[in-house]
Amino acid sequence: MSRQRLKNGASELQAINRRRDIHRKTIPALAQAGPVSVWMVLFVTIPMLYIIYVSFMSRGVFGDVVYEFSLESYQTLLDSTYFKVIVKSLQVALFTTVACLLLGYPFAYYIARKPPEVASRLIMLIMIPFWTNSLMRLNSWLLLFQTSGPVNTFLQWAGITSEPITFIYTDPLVMLGLVTNMLPFAVLPLYSTIEKLQNSLLEASSDLGANPRQTFFRITLPLTFPGIFSAVILVFIPSLGIYTVSDMLGGGKVLYIGNIIKNQFGAIRNWPLGAALSVLLLVITGLLIFVYTRFAKLEDMEVV
Amino acid sequence: MAALSKTQRRKRRLGIVGDVYAILIYTVLYIPVAVMMVFSFNDQKYNFYWNGFTTEWYGKLLENDALIGSLWYSLIIAVLATVISVVIGTLGALGLKRYEFKGKRFINSMLYVPIIVPEIVLAVALLIIFMNIGLSLGLGSILVGHCTFCIPYAVVTIKGRISGDGYELEEASMDLGANRIQTFLRVTLPSMVPGIMSAAFLSFTLSIDDVVMSNMLSGARNSTLPVLILSMNRTGVTPDVNALTTIMILVIVAAMLLSNGVKALLRRREKAAAR
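Residues numbered from 1 in each chain as written. Chains lettered and ligands numbered in written order. Predicted model: local features only at pLDDT ≥ 70, side-chain atom pairs only at ≥ 80, totals over all residues.

**Some remarks on the overall build of chain A**
For step 1, the next point in the chain: Each helix and strand counted, chain A has 13 helices and two strands in total.
For step 2, the next point in the chain: In terms of C-alpha radius of gyration, chain A reaches 27 Å, well past the compact-globule figure of 19 Å for 304 residues.
For step 3, the next point in the chain: Dimensions of chain A, computed from the C-alpha atoms along their principal axes, are close to 110 × 70 × 35 Å.
For step 4, the next point in the chain: A buried classification covers 38% of the 304 residues belonging to chain A.
For step 5, the next point in the chain: Contacts spanning at least 24 positions in sequence make up 69% of the contacts within chain A whose residues lie at least 6 apart. (Helix = DSSP H or I, 4+ residues; strand = E, 2+ residues; numbered from the N terminus. Rg over C-alpha atoms; globule rule 2.2 N^0.38 Å. Buried ≥ 20, exposed ≤ 12 C-beta atoms within 10 Å, placed from the backbone. Contact = placed C-beta atoms within 7 Å.)

**Examining the overall build of chain B**
For step 1, the next point in the chain: A count of helical and extended segments in chain B gives 12 helices and zero strands.
For step 2, the next point in the chain: Reading chain B from its N end, one meets helices and strands in the order α-α-α-α-α-α-α-α-α-α-α-α.
For step 3, the next point in the chain: Principal-axis analysis of the C-alpha atoms places the extent of chain B at approximately 80 × 70 × 35 Å.
For step 4, the next point in the chain: Each of the 275 residues in chain B was classed as buried or not, and the buried ones make up 39%.
For step 5, the next point in the chain: Taking the intrachain contacts of chain B between residues at least 6 apart in sequence as the baseline, contacts between residues at least 24 apart amount to 77%.

**Side note on helix 4 (residues 116-127) of chain A**
Two residues of an α-helix separated by three or four positions point the same way, owing to the 3.6 residues in each turn.
For step 1, the next point in the chain: For helix 4 of chain A, built from 12 residues, the straight-helix expectation of 16 Å at 1.5 Å per residue is met to within 8% by its first-to-last C-alpha distance of 17 Å.
For step 2, the next point in the chain: With zero of its 12 residues buried, helix 4 of chain A lies for the most part at the surface. (Expected span 1.5 Å × (residues − 1).)

**Notes on the nonpolar core**
Buried together is how nonpolar side chains tend to be arranged in soluble globular proteins.
For step 1, the next point in the chain: The biggest cluster of nonpolar side chains holds 137 residues, and the ones touching the most others in it are B:Ala123 and B:Val124.
For step 2, the next point in the chain: If you tally residues by element for this core, the top one is helix 7 (residues 171-196) of chain A, at 15 residues. (Core = buried A, V, L, I, M, F, W, Y, C linked by C-beta atoms within 7 Å.)

**Quick look at the interface of chain A and chain B**
For step 1, the next point in the chain: Taken together, the contact between chain A and chain B spans 67 residues of the former and 67 residues of the latter.
For step 2, the next point in the chain: Per-element tally for the side of chain A that touches chain B: the top contributor is helix 1 (residues 2-55) of chain A, with 20 residues.
For step 3, the next point in the chain: Class assignment for the residues of the side of chain A that touches chain B results in 45 nonpolar, 18 polar and four charged. (Nonpolar A, V, L, I, M, F, W, Y, C, P; charged D, E, K, R; others polar.)

**Topic: the packing of helix 3 (residues 80-112) of chain A against helix 7 of chain A**
Residues and elements named next belong to chain A.
For step 1, the next point in the chain: One way to put it is that helix 3 packs onto helix 7 with a least axis distance of 7 Å and a crossing angle of 45 degrees. On the basis of their axis angle, the class for helix 3 and helix 7 is oblique. Crossing hand, helix 3 versus helix 7: right-handed.
For step 2, the next point in the chain: Broken down by class, the residue content of the contact of helix 3 with helix 7 amounts to 22 nonpolar, two polar and one charged. (Axes fitted to C-alpha atoms, helices over the stretch in contact; angles between N-to-C directions. Parallel < 35°, antiparallel > 145°, perpendicular 65-115°, else oblique. Left-handed = near helix turned anticlockwise from the far one by under 90°.)

**Description of helix 5 (residues 134-145) of chain A**
All names here are of chain A.
For step 1, the next point in the chain: The first and last C-alpha atoms of helix 5 sit 17 Å apart over 12 residues, in line with the 16 Å expected at 1.5 Å per residue.
For step 2, the next point in the chain: Among the 12 residues in helix 5, 12 count as buried, and that is most of the element.
For step 3, the next point in the chain: Buried residues of helix 5: Ser 134, Leu 135, Met 136, Arg 137, Leu 138, Asn 139, Ser 140, Trp 141, Leu 142, Leu 143, Leu 144 and Phe 145, and no others.

**Some details on the UniProt feature "transmembrane region" (unreviewed entry) in chain B**
For step 1, the next point in the chain: UniProt records the feature "transmembrane region" (unreviewed entry) at residues 20-41, 71-94, 106-131, 137-156, 184-208 and 243-266 of chain B, using the numbering of this structure.
For step 2, the next point in the chain: The distance from the first to the last C-alpha atom of residues 137-156 of chain B is 29 Å, and the span holds 90% helix and 0% strand. (UniProt positions renumbered as here; feature names shortened; annotations may be inferred.)

**Section: the environment of A:Ala210**
For step 1, the next point in the chain: Note that A:Ala210 resides in the loop between helix 8 (199-207) and helix 9 (212-223).
For step 2, the next point in the chain: If near-sequence neighbours (up to four positions away) are discounted, A:Ala210 is found in contact with A:Ser205, A:Thr215 and A:Arg218.

**Some remarks on unusual backbone geometry**
Residues and elements named next belong to chain A.
For step 1, the next point in the chain: The backbone of Tyr 169 sits at a positive phi, close to 60 degrees, despite the residue not being glycine.
For step 2, the next point in the chain: Mapped onto the elements of the fold, Tyr 169 is located in the loop between helix 6 (150-157) and helix 7.
For step 3, the next point in the chain: Using a count of 16 C-beta atoms within 10 Å as the deciding quantity, one classes Tyr 169 as partly exposed.

As structure tokens, this is what we get:
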């Protein structure tokens, strides 16, 4: 009898403690995680769901949204004009990504092999130009490659061409702008994985008779793969949606997905079509992230 | 012996190739900055070609009301966005690090959406929502947009710097009679200062340089500096803008060097005190 009471008393005490514990933790948890949670739901989750919803609506005669289900916008995406833009955007983003990886990997490797204090200075040296207004940096490429600009003057002076070459408002100049703007986003994640690579592994590989090339392809490259994939995500996805580079260097003649989306919400006023293009970008992003999370944790991606 | 010197020679050769390569990459990264600075001294109304040296743009800059107005607008938004993002981000980083609650995984993955998804998608999504609830576009809408991408960066930056289980100090503080708020302000917060500083710097630079969000969410009246530059693009950017952005980068670099100097000084003092 008394044992039973004791048991009851103990479990009651436990329950009280648990309740007090919950109470003690609920208020600070709410105060701390509450604002960020509310903000994310209000300004990320709801808008994202809403844009998917709008993409299945149709466009009214005056550019308004008619709230009736339709696949019209997605059918429009398959029209040759839009389809060509989508394919071209994918090609340009792919080119930018490959270029950033090929240029960035040896560069990141070079920095990672330096002593830590030198390496952190070298990383800082990469960041500084990126605190300069990005549009003004793009404008600089425009100034350099103008018809009467320094590059053309030099080419004519050196006798390489007799007539000035039109660089501005062309795809290659836009690509130059994209690659130079995106390069740090490839270098930083690459650097942090290469830096973690243990020297002993490389030494073991060469001690066991592998030549440098074999060591690179069999040890270094596989071990730094998470960094490579982070770089792919951080370069490919933004270059797919960016419109400022093509606006600044393409002068309205070079159009990518980002420009088309922007125009649907500006003068052209076709929100469902713009929403459908946005959903396309979301789907591509989602696919890449899905592949990434198969072999690495999202939290480990070096985004800053 | 001969083989060793051969690999040594090979290594040195590779080292030189590496140096040259790195210098080339740095050159490409710094060319746009250098060109921007050089053309702020261009004696021409619009920057098309080099026409001679002048410093007059640095003086005339102040007479360009649209330019100065947009700079103020950008600065106000950047300061407000930084303050809001750092406050929400600091609390959020603590909450997400220390407490388990329903939906935590969901919030954690939502934080990665603004970081990864192309900015134009988020901007357009917010635009549709704002138009539907009848919010007029302007400072408020731009601010919400900026905070939406600054908060996740702030949370990630600060969370990464919170030591895994820093409860001991807080428990000691409470045992010694401090209440929860005193403990938070005097123990928890000071230990997070380095992370908060980085988050603030990051938020400020992201906000002040943002084009896409500001361009989609700004009303007809005011525009931020980057939006103004984008709109100038068709006619040609004037050299006074080059002058302004040159001053801005010099200020940012100076601030950075100063904060690094202060940090180094504090570290040295801490070391001396520890001894």
